[in-house]
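# A structural walkthrough
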Amino acid sequence: MSVNKEVKRITTHQLQEMKNRGEKIAMLTAYDYSMAKIVDEAGIDVILVGDSASNVMAGHETTLPITLDQMIYHASSVVRAAERSLVVVDLPFGSYQGNSKEALASAIRIMKESGAHAVKLEGGVEIAESIGRILTAGIPVMGHLGLTPQSIYKFGTYTVRAKEEAEAQKLKSDALKLQELGCFGVVLEKIPATLAKEVTDSLQIPTIGIGAGQHCSGQVLVIHDMLGLNHGFKPRFLRQYANLYEVMNGAIKGYVSDVKSNDFPNNKEQY
Ligand SMILES: Nc1nc(=O)c2c([nH]1)NC[C@@H]1CN(c3ccc(C(=O)N[C@@H](CCC(=O)O)C(=O)O)cc3)CN21
Ligand SMILES: CC(C)C(=O)C(=O)O
Ligand SMILES: [Mg+2]
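Residues numbered from 1 in each chain as written. Chains lettered and ligands numbered in written order. Predicted model: local features only at pLDDT ≥ 70, side-chain atom pairs only at ≥ 80, totals over all residues.

### Let's talk about the overall build of the chain
Broken down by element type, the chain carries eleven helices and eight strands. Taking 18 Å as the expected radius of gyration for a compact globule of 271 residues, we find that the chain reaches 20 Å, a close match to that expectation. Projecting the C-alpha coordinates of the chain onto the three principal axes gives extents of approximately 70 × 40 × 40 Å. Every one of the 271 residues in the chain was classed for burial, and the buried ones make up 42%. The long-range share in the chain, meaning contacts at least 24 apart out of those at least 6 apart in sequence, stands at 59%. (Helix = DSSP H or I, 4+ residues; strand = E, 2+ residues; numbered from the N terminus. Rg over C-alpha atoms; globule rule 2.2 N^0.38 Å. Buried ≥ 20, exposed ≤ 12 C-beta atoms within 10 Å, placed from the backbone. Contact = placed C-beta atoms within 7 Å.)

Here it is, written out as structure tokens:
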């Protein structure tokens, strides 16, 4: 393992200080060593090893199929690359909903086998006992409210959440519960910006938004989406910072063409 003594890793306490002084927190996903190295060196605060790996790495339609072993494989690769960023790992579907002992066992496996720094779980009061038990073991926990993709079949759509008053009230009380339990932050996914502002103002801990507007304490996106690698995925909340699909498609077409035409390799590219 390479440890750069010059670089100090971001801590959960620093994320709290960032919210306190009004500095926004920048978070992105990564699932492998090479990508995580680029993300870390570009100065991201938090790397999320999201269960969205199920979609973008494995090609599944939902996040449900990815396993704890697979999440640990992705997380361990990311941890080897991350020198400055805090690495947070999603507990996958089925690894924590059963009971709080199973939740703790899953969180411990992630910490022990990947070397990550924190875990993230989807849900509010329903999983309070599990979150409490994981926190008691000294493992930092990030919450996740609003659109919770592991419950997609309960809702049936990926539409914006908590537009109705009852659901908004539930989300607000869930957010307070997560803070009370000791979570160091909470992801707010696809909820109205006004509600996200209310939650962010009422909480001391930072909120990280995805499709939750400009008032959150920070933002998160899936790296493949923001780099334009996830061809055709363009929800309203996504800003695309590059079109790597076009860049890579062009490069590969050039290679195919050069091989076919016998241009590659040339005299200088052989022994
Ligand atoms: N590649 C990727 N990016 C993500 O942001 C992401 C994942 N995967 N997997 C896990 C969850 C699922 N999320 C999603 C999934 C779908 C939409 C989506 O399709 N939104 C469309 C249509 C929604 C609808 O109205 O039905 C949109 O226009 O926002 C948004 C977020 C966010 N997460
Ligand atoms: C979209 C983010 C918040 C996530 O949970 C994931 O990438 O799995
Ligand atoms: Mg996730």
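On we go from here.
### A few points about the UniProt feature "binding site: 3-methyl-2-oxobutanoate" (unreviewed entry) in the chain
The sites that UniProt annotates as "binding site: 3-methyl-2-oxobutanoate" (unreviewed entry) are Asp51, Ser52, Asp90 and Lys120. A maximum C-alpha distance of 12.6 Å places the annotated residues, which cover 70 residues in sequence, within one compact spot. Turning to its location among the elements, Asp51 is positioned in the loop between β2 (46–49) and α3 (53–56). Excluding residues within four positions of it along the chain, Asp51 makes contact with Thr63, Ile66, Met71, Asp90 and Pro92. Inspection of the secondary structure assignment puts Asp90 in strand β3 (residues 86–90). According to the C-beta neighbour criterion, Asp90 is buried, with 29 such atoms within 10 Å. When sequence neighbours within four positions are dropped, the list of residues in contact with Asp90 reads Val49, Gly50, Asp51, Met71 and Lys120. (UniProt positions renumbered as here; feature names shortened; annotations may be inferred.)

### What about the domain arrangement of the chain?
Often, the extent of an interface is quoted as the loss of accessible area upon association of its parts. Along its sequence, the chain is carved into domain 1 (12–240) and domain 2 (244–271). For domain 1 and domain 2, the distance between their C-alpha centroids amounts to 39 Å. (Domains from an automatic or database assignment.)

### Let's talk about the site of ligand 1
Surrounding ligand 1, one finds 15 residues, the nearest of these being Ser52, Pro149, Tyr158, Val222 and Pro235. Only α3 and α10 (223–226) provide two or more residues apiece to the shell around ligand 1. Taken together, the residues of the shell around ligand 1 break down into six nonpolar, seven polar and two charged. (Near = placed C-beta within 6 Å. Nonpolar A, V, L, I, M, F, W, Y, C, P; charged D, E, K, R; others polar.)

### Some words on the site of ligand 2
Every residue close to ligand 2 is listed here: Thr29, Leu48, Gly50, Asp51, Ser52, Asp90, Val187, Glu189, Ile210, Val220 and Val222. For the shell around ligand 2, the residue count by class is five nonpolar, three polar and three charged.

### Describing the packing of helix α4 (residues 68–81) against helix α5 (residues 100–114)
Following both chains from N to C, one finds α4 and α5 inclined at 35°, their axes separated by 9 Å at the closest point. Seen along the crossing, α4 lies across α5 with a hand that is right-handed. Here Leu68, Met71, Ile72, Ala75, Ser76 and Val79 of α4 lie close against α5, whose contacting residues are Ser106, Arg109, Ile110, Glu113 and Ser114. Partitioning the contact of α4 with α5 into residue classes produces six nonpolar, three polar and two charged. (Axes fitted to C-alpha atoms, helices over the stretch in contact; angles between N-to-C directions. Left-handed = near helix turned anticlockwise from the far one by under 90°.)

### Thoughts on the pairing of strand β8 (residues 218–221)
Residues Gly218 and Val220 of β8 are buried on one face, and the alternating residues Gln219 and Leu221, pointing to the opposite face, are buried as well. Relative to β8, strand β1 (residues 25–29) is paired through four bridges, and the arrangement is parallel. Note on β8: the bridge partner recorded for Ala26 is Gln219. In this structure, strand β7 (residues 207–210) lies alongside β8, joined through two bridges in parallel fashion. (Pairing = 2+ DSSP bridges.)

### Structural notes on unusual backbone geometry
Put simply, Phe264 and Pro265 share a cis peptide bond, and its omega is -5°. In this model, Lys190 sits at a positive phi of 50°, which is unusual for a non-glycine residue. Position of Lys190 relative to the elements: it lies in the loop between β6 (185–189) and α9 (193–202).

### Some words on the sheet that holds β7
If you trace the eight strands once around the closed barrel, you get β1-β2-β3-β4-β5-β6-β7-β8, paired in parallel fashion. The mean angle between the axes of side-by-side strands here comes to 25°, regardless of whether they run parallel or antiparallel.

### Concerning the nonpolar core
Within the largest apolar cluster, 68 residues are counted, with the highest numbers of intra-cluster contacts made by Ala30, Ile47, Val49, Ala75, Val78, Val87 and Val119. Per-element tally for this core: the top contributor is α4, with six residues. Dropping the residues within four chain positions of it, Ile47 is found in contact with Leu28, Ala30, Ala36, Val39, Asp40, Val78, Ala82, Ser85 and Val87. (Core = buried A, V, L, I, M, F, W, Y, C linked by C-beta atoms within 7 Å.)

### So, the UniProt feature "binding site: Mg(2+)" (unreviewed entry) in the chain
In this structure's numbering, the residues bearing the UniProt feature "binding site: Mg(2+)" (unreviewed entry) are Asp51, Asp90 and Glu122. For the annotated residues, spread through 72 residues, the largest C-alpha to C-alpha distance comes to 10.8 Å, consistent with a single compact locus.

### Here we look at helix α6 (residues 128–136)
Residues that lie three or four places apart on an α-helix share one face, since the helix turns once every 3.6 residues. Where α6 is concerned, the buried positions are Ser130, Ile131, Arg133 and Ile134. End-on, the buried residues of α6 take up no more than an arc of 165°, which puts them together on one face. For α6, the secondary structure elements touched by its buried residues are α5, β4 (118–120), β5 (141–146) and α8 (165–181). Positive phi appears at Gly138, one or two residues downstream of α6, with a value of about 90°. (Arc of directions from axis to C-beta.)

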